[in-house]
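Each chain is listed here by its residues.
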Amino acid sequence: MSDVKRIETPLTQEKLKTLKAGDNVLLSGVIYTGRDAAHKKMVEALEQGLELPFAMKDQVIYFVGPTPAKEGQVIGSAGPTTSGRMDAYSPKLIAQGLTGMIGKGLRSPEVIDAMKEHGAVYFGAIGGAGALIAKRIVSAEVIAYPELGPEAVRRLVVKDFPAIVIIDQEGTNLYESGKARYRTV
Amino acid sequence: MKEIHVDEIISAIRTLCMEANYNLSSDIMTGFQSALKSESSPLGLEVLERLIENADIAHKEQVPMCQDTGMAVLFVEIGQDLHIAGGNLTDALNEGVRQGYEQGFLRKSVVKDPFDRVNTGDNTPAIIHYDIVPGEALRLIVAPKGFGSENMGGLKMCKPSEGLAGAMDFVVDTVDRAGGNPCPPIIVGVGVGGTMEKSTFLAKKALLREVGIHNQDERLANIEKELLERINRLGIGPQGFGGLTTALAVNLEVYPTHIAGMPVSVNIGCHATRHKEITLQGRESK
Ligand code: SF4
């Protein structure tokens, strides 16, 4: 198994510098959830000069819409959703100081440019490992847009949340380098 | 004539929705285990181990393995000599889905209108494929389908001149373009022939076949093997992090088609490809 880096949030520029594409990371601390509908609302709020549900500086957003929690559970199954649907919104949040995103799948060149310009990383969580990831979430609280149900913005406290650095702040992309290493066509 | 009451159908569908989402089928688990032996990427191995752990937790705690508990796709085979009593069959199937998703703490992921996008709140309507077969039984298959993988499928109306080689290239290209989005290791359903919609239906239905079971036609089985090998040489690997295990299986189904065409459809199933089924026997009507 590969070496593991332990990272505590908030994710400052200082900590970002230590992260490279392909790193195996365990994240601990506060992170926030948001999917398409919440991103749309946050960007609309920005455009209207309204306050965001949380200050973006040095924060991490996890693209997830969990299943309903059973009795006794902090949160239902909570694996990552496809990040590409957030591409239209992410650069605006990165410009506000967001330094980390967790999701799965490819990102657009615009997102990667914003990450390089402002300093941010993109982590991949294991798609479909919703039951396992839920175990690493210590607390969950809806802090905005409750009307969106599973898509509401939640403040999570996580402990040893497993993630892989897919794209680092230099723009190195594991989806490309990893594929190239094992490609024989 | 034998009959089945709708209440029995509702209850069966409810249970199948939950079971499909909580319990990874053993053929996929076996696929993970054998991939552990052949994978050489350290990150790929780590992903496979975590997927196995995830499936164990979901099974033990009876919670969904993945938060995208899917749109409920139902395959229903009705014996032609069977009578459905007590109500409308389609309503009963949807009621089963409604109860299963509500009582099973499954996520409601269906919007009423593709443009307005307001959630229906109960994961209905289901996508229902009916088939009439001989006999007096009712076979129900529930296959919840997540859209991370569904979105990465494709259809190409190939020209007959493109031949087998063209069809195979389209399949491999579709998987290559999908990259890590459909949560690899994936299962690739391929439907070739028929009309446009017949080929997409075959591709979806192909995902119901167990991992490791090849098409019974040897010629088609060989095509499946060759496609699997080509796909696993793409390097995408578990979760797209790079590696040798991009797909666990390629399942190909074919159908007669028109002299002027060759529709080729690819439906990608993620590692959480779920399907559970039951066959209900009709009882003598009173
Ligand atoms: S593609 Fe499958 S495993 Fe991945 S998030 Fe969707 S349903 Fe879950």
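Residues numbered from 1 in each chain as written. Chains lettered and ligands numbered in written order. Predicted model: local features only at pLDDT ≥ 70, side-chain atom pairs only at ≥ 80, totals over all residues. Heavy atoms only, no water.

The name that an unreviewed UniProt entry assigns to chain B is L(+)-tartrate dehydratase subunit alpha, with the source organism given as Desulfosporosinus acididurans. Turning to chain B, the UniProt annotation filed under Sequence similarities (unreviewed entry) states: "Belongs to the class-I fumarase family." (UniProt positions renumbered as here; feature names shortened; annotations may be inferred.)

As recorded in an unreviewed UniProt entry, chain A goes by the name Fumarate hydratase class I, aerobic, listed as coming from Desulfosporosinus acididurans.

(A) Expanded view of the overall build of chain B. The helix and strand inventory of chain B stands at eight helices and eleven strands. Relative to its length of 286 residues, chain B is compact, with a C-alpha radius of gyration of 19 Å against a globular reference of 19 Å. Projecting the C-alpha coordinates of chain B onto the three principal axes gives extents of approximately 60 × 50 × 40 Å. Out of the 286 residues belonging to chain B, those deemed buried represent 57%. Taking as baseline every contact in chain B between residues at least 6 positions apart, the subset at least 24 positions apart corresponds to 82%. Here chain B displays about 12100 Å² of accessible surface, and carbon together with sulfur accounts for 54% of that area. In chain B, which carries 27 positive and 37 negative side-chain charges, the distance between the mean positions of the two groups comes to 2 Å. (Helix = DSSP H or I, 4+ residues; strand = E, 2+ residues; numbered from the N terminus. Rg over C-alpha atoms; globule rule 2.2 N^0.38 Å. Buried < 20%, exposed > 50% of the residue type's maximum accessible area, 1.4 Å probe, protein only. Contact = heavy atoms within 4.5 Å. Areas by Shrake-Rupley, 256 points an atom, 1.4 Å probe, with all protein chains shown as cover. Lys, Arg positive; Asp, Glu negative; His and termini not counted. Charge placed at Lys NZ, Arg CZ, Asp CG, Glu CD.)

(B) How the structure looks around the domain arrangement of chain B. Residue and element names in this part refer to chain B. We note that the domain assignment places domain 1 (2–21 + 65–146 + 274–284) and domain 2 (148–269) within chain B. Each of domain 1 and domain 2 was reduced to a C-alpha centroid, and the two centroids are 26 Å apart. Contact with domain 1, which involves ten residues of that partner, is made by eleven residues of domain 2. Interface area for domain 1 against domain 2, summed over the two sides, is near 770 Å², with a carbon-plus-sulfur share of 68%. (Domains from an automatic or database assignment. Buried area = accessible area lost by both parts, 1.4 Å probe.)

(C) Up close: the packing of aromatic side chains. Per the stated rule, a full pass over the model turns up four aromatic pairs over all chains. Over the ring of tyrosine 122 of chain A we find arginine 107 of chain A; its NZ or CZ atom is 4.9 Å from the centre of that ring. Cation over ring: lysine 198 of chain B sits above tyrosine 255 of chain B, and NZ or CZ is 4.3 Å from the ring centre. (Phe/Tyr/Trp six-rings, centres within 6.5 Å; stacked < 30°, edge-to-face > 60°. Lys NZ or Arg CZ within 6 Å of the ring centre and 35° of its normal.)

(D) Local environment of the UniProt feature "domain: Fe-S hydro-lyase tartrate dehydratase alpha-type catalytic" (unreviewed entry) in chain B. Here, the residues flagged by UniProt with the feature "domain: Fe-S hydro-lyase tartrate dehydratase alpha-type catalytic" (unreviewed entry) are residues 12–278 of chain B. As annotated, residues 12–278 of chain B comprises 39% helix and 24% strand, and the C-alpha atoms at either end are separated by 8 Å.

(E) Broad picture of the nonpolar core. If you look at the biggest cluster of nonpolar residues, it comprises 84 residues, and the most contacted ones within it are Tyr62, Ile102, Phe123 and Phe161 of chain A together with Phe32 of chain B. Of all the elements, strand β7 (residues 153–167) of chain A adds the most residues to this core, at nine residues. The residues contacting phenylalanine 161 of chain A, other than those within four sequence positions of it, are Val25, Leu26, Leu27, Ile31, Tyr62, Ile102, Ala125, Ile133 and Arg136 of chain A. In terms of nonpolar packing, the next biggest core, distinct from the first, is built from 28 residues, Met18, Val76, Ile78 and Val142 of chain B among them. (Core = buried A, V, L, I, M, F, W, Y, C linked by side-chain atoms within 4.5 Å.)

(F) Up close: the interface of chain A and chain B. Across the boundary between the two partners, chain A contributes 43 residues, which contact 44 residues of chain B. With both sides pooled, the region where chain A packs onto chain B buries about 3600 Å², and carbon together with sulfur makes up 57% of that total. If you look at where chain A meets chain B, you find three salt bridges. With a closest N to O distance of 3.2 Å, aspartate 176 of chain B and lysine 179 of chain A form a salt bridge. Breaking the side of chain A that touches chain B down by element, the ones donating at least two residues are α5 (130–134), β7 and α6 (174–182) of chain A. With five residues, the single largest contributor to the side of chain A that touches chain B is α6 of chain A. Here the residues of the side of chain A that touches chain B sort into 20 nonpolar, 16 polar and seven charged. (Salt bridge = Lys/Arg side-chain N within 4 Å of Asp/Glu carboxyl O. Nonpolar A, V, L, I, M, F, W, Y, C, P; charged D, E, K, R; others polar.)

(G) How the structure looks around the sheet that holds strand β6 (residues 154–158) of chain B. Residue and element names in this part refer to chain B. Here four strands make up an open sheet; going across it, the order is β6-β9-β7-β8 and the pairing mixed. Sheet topology places β6 and β8 (247–257) at the edges, where each strand pairs with a single neighbour. Taking each pair of neighbouring strands and ignoring which way they run, the sheet shows an average axis angle of 15°. Of the pairings in the sheet, the one linking β6 to strand β9 (residues 262–269) comprises five bridges and is antiparallel in character. Each bridged residue has a counterpart across the sheet, and for methionine 157 the counterpart in β9 is proline 263. Across the face of the sheet, helix α6 (residues 163–178) comes into contact with β6, β7 (186–194) and β9 while running at roughly 30° to β9. The strands that helix α8 (residues 218–232) touches are β7 and β8; relative to β8, the one it contacts most, it runs at about 135°. (Pairing = 2+ DSSP bridges. Axes fitted to C-alpha atoms, helices over the stretch in contact; angles between N-to-C directions.)

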